[in-house]
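A look at the structure
Spelled out from the first residue to the last, the chains are:
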Amino acid sequence: MLADAGHKRGAAPETITRLVAQAEDNLRWVSEMQAEDYHRVNVLAFLSLWSAYESGTENIIAAALETINSAATAAADKFARGTYDMAAWPWSDEKCLEIAQKLDQKAKQKTPDGGWDVAARLTTLFGWLGAEVAIPPHASNTLNEASMVRNVLLHRYGRLGPRDIERAPHLAVNANNAVQITREILGQYSQAVNETHIAVMHGVYAAGWK
């Protein structure tokens, strides 16, 4: 149909051939995306969402360290004496971000199963600085799963290992145990991140951080 319309308009044969090929490629791509419930598109959206979540959390912690004396003092106490001198506070943006990143790793070490339980790790981190963060249980479970899936996608080509399947058996729906990010799963992960942000906001507000 496209070729016939092109001939009637007097288009060059090579132009018609190219347009038909492009249309066929586009239709094939759409068909593949629909068949996998837009997995590849959803993966990109999810990884962007998670990156924004992690960066946002670091920035909140860094901002607190730069502006809240009690939070900065509590943070400095987590390191060897003199590592971060309160006499030099307020610290620079770069130093506050550095401390925020290091604190997160300390929270990971101090939280039971902190590599998996990122929700509890987040609660530990904010708790050290004087802000009580209460993430709803369902959101916590989904957030932890999302963190695991992010690592699987980035570091293991999307292949679930035995431990991953044990924790989230509903994800192992393929013979090769490759995780599939459907629109439903993407929506669940997005909702968990949103609920976590709301919990952080409430905790920060209750702590009087301004």
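A brief look at the structure comes next. What you see is a predicted model; the values in this text were computed from it and never measured.

1. Let's talk about the overall build of the protein chain
Across its full length, the protein chain holds 9 helices and 0 strands. Order of helices (α) and strands (β) in the protein chain, N terminus to C terminus: α-α-α-α-α-α-α-α-α. Considering only contacts within the protein chain whose residues lie at least 6 apart along the sequence, 59% involve residues at least 24 apart. A total accessible area of about 12200 Å² is found for the protein chain, and carbon and sulfur atoms account for 54% of it.

2. A look at helix α9 (residues 183-206)
With 24 residues, α9 extends 35 Å from end C-alpha to end C-alpha; this agrees with the ideal 34 Å at 1.5 Å per step. Burial in α9 covers these residues: Ile 185, Leu 186, Tyr 189, Ala 192, Val 193, Thr 196, Ala 199, Val 200, Gly 203 and Val 204. Turning to α9, the residues buried within the fold contact α3 (39-67), α6 (118-128) and α7 (137-155). Immediately downstream of α9, the backbone of Gly 208 shows phi near 80 degrees, a positive value.

3. A short note on the side chain of Asp 164
One can find Asp 164 in helix α8 (residues 162-167). Asp 164 gets classed as buried once you look at its relative accessible area, which sits at 7%. Polar side-chain contacts of Asp 164 include one of 2.7 Å to the side chain of Arg 156.

4. A closer look at the pattern of salt bridges
Scanning the entire structure with this criterion turns up 5 salt bridges. Where Arg 163 meets Glu 166, a salt bridge forms, and the shortest distance between an N and an O atom there is 3.2 Å. One end of the pair, Arg 163, and the other, Glu 166, are both in helix α8, 3 residues apart, so they sit about a helical turn from each other.

5. Notes on the packing of α3 against helix α5 (residues 93-110)
The contact between α3 and α5 brings their axes to 8 Å, and the two run at 120 degrees. In terms of orientation, α3 and α5 fall into the oblique class. Crossing of α3 over α5 shows right-handed handedness. Along the contact surface, α3 presents Glu 58, Asn 59, Ile 61, Ala 62, Leu 65 and Glu 66, while α5 presents Asp 93, Cys 96, Leu 97, Ile 99, Ala 100, Gln 101 and Leu 103. Taken together, the residues of the contact of α3 with α5 sort by class into 8 nonpolar, 2 polar and 3 charged.

6. Quick notes on the packing of aromatic side chains
Inspection of the entire model under this criterion finds 6 aromatic pairs. Between Phe 46 and Tyr 189, the ring centres sit 5.2 Å apart and the planes meet at 50 degrees, which makes this aromatic pair tilted. Separated by 143 residues along the polypeptide, Phe 46 in helix α3 and Tyr 189 in helix α9 bring together distant segments of the chain. We classify Phe 46 as buried; its relative accessible area is 0%. On the basis of relative accessible area, Tyr 189 is assigned to the buried category, the value being 0%. Consider the rings of Phe 79 and Tyr 84, whose centres lie 5.0 Å apart with planes at 80 degrees: the pair is edge-to-face. Taken individually, Phe 79 and Tyr 84 each receive the classification buried, so the pair is uniform in this respect. Aromatic ring contacts, followed pair by pair, group Phe 46, Trp 50, Tyr 53 and Tyr 189 into a single cluster.

7. Quick word on the nonpolar core
One finds Phe 126, Leu 129, Val 149, Leu 171, Ile 181 and Trp 209 to be the most contacted residues of the largest nonpolar core, which totals 54 residues. At the level of elements, α3, α4 (69-76), α5, α6, α7 and α9 are the ones that each hand at least two residues to this core. With 9 residues, α3 is the single largest residue contributor to this core.

8. Here's the deal with α3
The first and last C-alpha atoms of α3 sit 42 Å apart over 29 residues, in line with the 42 Å expected at 1.5 Å per residue. For α3, the complete set of buried residues consists of His 39, Asn 42, Val 43, Phe 46, Leu 49, Trp 50, Tyr 53, Thr 57, Ile 61, Ala 62, Ala 64 and Leu 65. Of the surrounding elements, those touching the buried residues of α3 are α4, α5, α6, α7 and α9.

9. Topic: the packing of α3 against α4
Relative to each other, α3 and α4 sit at 105 degrees, their axes nearing to 6 Å. When the axes of α3 and α4 are compared, the pair comes out roughly perpendicular. Contacts between α3 and α4 involve Ala 64, Leu 65 and Thr 67 on the former and, on the latter, Asn 69, Ala 71, Ala 72 and Ala 75.

Reading guide: rules and limits
Residues numbered from 1 in each chain as written. Predicted model: local features only at pLDDT ≥ 70, side-chain atom pairs only at ≥ 80, totals over all residues. Heavy atoms only, no water. Helix = DSSP H or I, 4+ residues; strand = E, 2+ residues; numbered from the N terminus. Contact = heavy atoms within 4.5 Å. Areas by Shrake-Rupley, 256 points an atom, 1.4 Å probe, with all protein chains shown as cover. Expected span 1.5 Å × (residues − 1). Buried < 20%, exposed > 50% of the residue type's maximum accessible area, 1.4 Å probe, protein only. Polar contact = N/O pair within 3.5 Å; in protein donor to acceptor, adjacent residues only side chain to side chain. Salt bridge = Lys/Arg side-chain N within 4 Å of Asp/Glu carboxyl O. Axes fitted to C-alpha atoms, helices over the stretch in contact; angles between N-to-C directions. Parallel < 35°, antiparallel > 145°, perpendicular 65-115°, else oblique. Left-handed = near helix turned anticlockwise from the far one by under 90°. Nonpolar A, V, L, I, M, F, W, Y, C, P; charged D, E, K, R; others polar. Phe/Tyr/Trp six-rings, centres within 6.5 Å; stacked < 30°, edge-to-face > 60°. Core = buried A, V, L, I, M, F, W, Y, C linked by side-chain atoms within 4.5 Å.

Just distances and angles here, no functional claims.
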